[in-house]
Structures are given as C-alpha cells and as structure tokens.
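# Observations on the model geometry
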Amino acid sequence: MATLGRAAADFLARDDLDASTLRSYGQTLRRLCLALGDRRPLESLTGDDVTGVFEVAWGDAAAKTWNRHRSAVRSFGAWAGRPELADGLERRAESRSRVPGLADDLLRRLWTVEAPVRERTLWRLLHESAAGVRPVLSLNVEDLDLADRRARVGSRWVTWRSGTARLLPELLGGRTRGPVFLADRRPGPARMRRAADLCPDTGRGRLSYERAEYLFKQATRPLDPSGRGFTLRQLWSRRGA
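If you're wondering where the values come from, they're calculated on a predicted model, not measured in any experiment. Sequence order sets the numbering: in each chain, residues are counted from 1 along the sequence as written. The model is predicted, so local features are restricted to residues of pLDDT at least 70 and side-chain atom pairs to those at 80 or more, both for listing and for counting; the totals for chains, interfaces and linings are taken over all residues. The side-chain numbers reported here are obtained from all heavy atoms of the structure, hydrogens and water having been left aside.

In this section: the overall build of the chain. Broken down by element type, the chain carries 10 helices and three strands. Taking the principal axes of its C-alpha atoms as reference, the chain extends roughly 55 × 40 × 30 Å. Each residue is assigned to one of three classes by its accessible area relative to the maximum for its type, calculated with a 1.4 Å probe on protein chains only: buried under 20%, partly exposed between the two thresholds, exposed over 50%. For the chain, buried positions account for 42% of its 241 residues. Within the chain, counting contacts between residues at least 6 apart in sequence, those at least 24 apart form 61% of the total. For the charge count, each Lys or Arg is scored as positive and each Asp or Glu as negative, with His and the chain ends excluded. Charge positions are represented by NZ for Lys, CZ for Arg, CG for Asp and CD for Glu. Between the centroid of the 44 positive side chains of the chain and the centroid of its 30 negative side chains there is a distance of 4 Å. A run of H or I in DSSP counts as a helix once it spans at least four residues, and a run of E counts as a strand once it spans at least two, with each numbered from the N terminus. When checking whether two residues touch, look at their non-hydrogen atoms; a contact exists if any pair is within 4.5 Å.

In structure tokens:
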C-alpha cells in the first residue's frame, strides 16, 4: 500500500522537474508529510486533510505563497491519481500593491528582540540591502566580500551596512564555504538536499524561505498590534537609515 511519504518521494524523483520547481514542490510535500504522517496510506488522505494543513501552515500567508503551495498539491494530486486532494484549496487573488515597510519605531524595537545570530543577521541584511528574501537566502560564504560589504547574486550585487557587517563574522564562525544561512539541523535521509544547499563542514542544509518567514512572524507577534506578526518582505520594502 502506497504511503504519503513514499508517493511524495517518487513524485519528487522525476527527471522532468527543474531545480526551482523541485525545491518548491519539495517544501510543500514535506509540510504535508510532517503534518499528516509520511506513513499515512495515500488512499486514506482526503481533501479536508490537505485543506486543514493549508489553513494552519499558510492560512495567513500572502496569496502568492498560498497559490504556489496549492499548485504543488494540484500537480502531486494529478500525478498520484488523486486530483480531489486540492478540491478545497481555492486560488487566491494576488495583489501587486507594494507591501508597507516597518515604521522606524518598530524597527528600533525589532533590533532589540532577543533572537539567534542567524535571524538577527538575516533581518539586518534584508533591511540594509533592500534585496529579496530568496536571493539573500541563496548566498554562499564564497560569494561574500566582507571587506567591501557586498556579495554577488547572479548578475547583481547585494550590499549591506554596518549592522550586518558586525553580525556576519559571528554567524560564519570561521566557515569559508557553503550556505551563509543554515538550517538548525542536518536533513534526514528522506529530505536529502542538493550538494550546493549543504554545508560541507557541518552537513546542515540551507535555511528555507518558509522556515525563515515563520521564525520572523513568530518573533514579531509581540510587536504587531494585530498579534499576527510581520513578514520578511516588510524589511526590504524600505532601506535602512
């Protein structure tokens, strides 16, 4: 009997998925496996089960994020002969309006929040560089030019200021290669990463966008009058002063 975990692994093992699609689909299916159990028989899964996971994991996420995960489940369901798994997931309208940046008083409070050096460095770098979250998370130690406070991402430079410059040496801890921002632990056998997304010294994988977003939202709930927390995009929608 096919299990959710086995079906997800087989789906992701196809050779017709490019690297970015594979990474995106993998994030969605890993969350489903964690929430529903990777040993759960695939035939016992219902659309309500999947919808429940989505409401908890991405209920208050941006429409673009919701739709990306929805697309992954639709693709997986069609491949597995279970298209009804996505029946309860309505596509959300995506707005092109600019996300408002955090006000200066909120930023001052954010910089005093007690958090691991990884989070504090990421937040500062996003704010000071005004770069996108994914490009920043894609940085490798080899890309960094610490003396000139910059790093190359594709064809462009990401630059930062003194706040990030103070934190980076502590974050790197002498590492000279691999992802700048690492996950908390090594990936398990069922979640093997590409070699480019693993630290050759520690074996830990690259920090995911979803995990980074979740941690920021949790850390900023006490600062948000609504109690929902803020998003990482609100750090790079305005440059640091």
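Structure's up, so let's keep going.
Turning our attention to the packing of helix H2 (residues 19-36) against helix H3 (residues 47-58). Every axis corresponds to a line fitted to the C-alpha atoms, with the helix fit spanning only the stretch in contact, and the corresponding angles, defined between N-to-C directions, vary from 0 to 180 degrees. Where H2 contacts H3, the axes come no closer than 10 Å and their chain directions differ by 105°. Looking at the two axes, H2 sits roughly perpendicular to H3. Packed against H2, whose contacting residues are Thr28, Arg31, Leu32, Ala35 and Leu36, the element H3 presents Asp49, Val50, Val53, Phe54, Ala57 and Trp58 at the interface. Split into classes, the residues belonging to the contact of H2 with H3 amount to eight nonpolar, one polar and two charged. For this classification, under 35 degrees means roughly parallel, over 145 means roughly antiparallel, 65 to 115 means roughly perpendicular, and everything else is oblique. Note on residue classes: Ala, Val, Leu, Ile, Met, Phe, Trp, Tyr, Cys and Pro are nonpolar, Asp, Glu, Lys and Arg are charged, and everything else, Gly too, is polar.

This paragraph deals with unusual backbone geometry. Although it is not a glycine, Ala130 sits at a positive phi angle of roughly 60°. Its location among the elements puts Ala130 in the loop between helix H6 (117-129) and helix H7 (133-137). By relative accessible area, which is 24% here, Ala130 ends up partly exposed.

This part takes up the nonpolar core. Remark: nonpolar core denotes a set of buried residues (Ala, Val, Leu, Ile, Met, Phe, Trp, Tyr, Cys) joined through side-chain atoms within 4.5 Å. Of all hydrophobic cores here, the largest spans 36 residues; its most connected members are Leu110, Leu122, Val180, Phe181 and Leu235. Sorting the residues of this core by element identifies helix H5 (104-110), H6, H7, strand S2 (150-153), helix H8 (162-172) and helix H9 (209-220) as the ones contributing at least two each. Among the elements that take part in this core, H6 stands out by supplying five residues, more than any other. In this structure, Tyr25, Leu29, Val50 and Ala72 belong to the second largest nonpolar core, which totals 23 residues.

Another point: the packing of aromatic side chains. Ring pairs shown here join Phe, Tyr and Trp side chains whose ring centres sit within 6.5 Å, with only the six-membered ring taken for Trp; geometry is labelled stacked below 30 degrees between planes, edge-to-face above 60, and tilted in between. With the rule as written, the count across this model stands at seven aromatic pairs. For the ring pair Trp123 and Phe216, a centre distance of 5.3 Å and an interplane angle of 65° mean the geometry is edge-to-face. Residue Trp123 is located in helix H6, and its partner Phe216 is located in helix H9; the two are separated by 93 residues in the primary sequence. Members of the aromatic cluster, each reached through a chain of ring pairs, are Phe11, Tyr25, Phe76 and Trp79. For a ring to carry a charge above it, either NZ of a lysine or CZ of an arginine must fall within 6 Å of the ring centroid while also lying within 35 degrees of the normal to the ring plane. In this arrangement the basic side chain of Arg92 is found over the ring face of Trp66, its NZ or CZ atom lying 3.7 Å from the centre. Sitting over the face of the ring of Trp157, Arg150 holds its NZ or CZ atom 3.8 Å from the ring centroid.

Attention now goes to the sheet that holds strand S1 (residues 144-145). Pairing between two strands requires that DSSP report at least two bridges joining them. Spatially, the three strands line up as an open sheet ordered S1-S2-S3, and their pairing is antiparallel. Unpaired on one side and paired on the other, S1 and strand S3 (156-159) mark the two borders of the sheet. Relative to S2, S1 is paired through two bridges, and the arrangement is antiparallel. Residue pairing across strands places Leu144 opposite Ala151, the latter belonging to S2.

Our focus in this paragraph is a positive patch on the surface. To count toward a patch, a residue needs a relative accessible area above 30% and no salt bridge. Like charges then connect within 9 Å, nonpolar side chains (Val, Leu, Ile, Met, Phe, Trp, Tyr) within 5 Å. Accessible surface area values rest on a Shrake-Rupley calculation with a 1.4 Å probe, where residue burial reflects the displayed protein chains alone. One side-chain nitrogen of Lys or Arg within 4 Å of one carboxyl oxygen of Asp or Glu is enough to make a salt bridge. A cluster of like positive charges, contributed by Arg23, Lys64, Arg134 and Arg233, occupies part of the molecular surface. Among the structural elements, Arg233 can be located in helix H10 (residues 233-236). With relative accessibility at 34%, the residue Arg233 sits in the partly exposed group.

Turning next to the pattern of salt bridges. Using the criterion set out here, one finds 12 salt bridges in the structure. Close ionic contact of Glu119 with Arg118 constitutes a salt bridge, the shortest N to O distance being 2.6 Å. We classify Glu119 as buried; its relative accessible area is 7%. Arg118 gets classed as buried once you look at its relative accessible area, which sits at 9%. Between Arg124 and Glu128 there is a salt bridge, and its shortest N-O distance comes to 3.9 Å. Residue Arg124 and its partner Glu128 are both found in helix H6; the two are separated by four residues, about one turn of the helix. Using a relative accessible area of 8% as the deciding quantity, one classes Glu128 as buried.

Remember, this is a structural readout, not a statement about activity or role.
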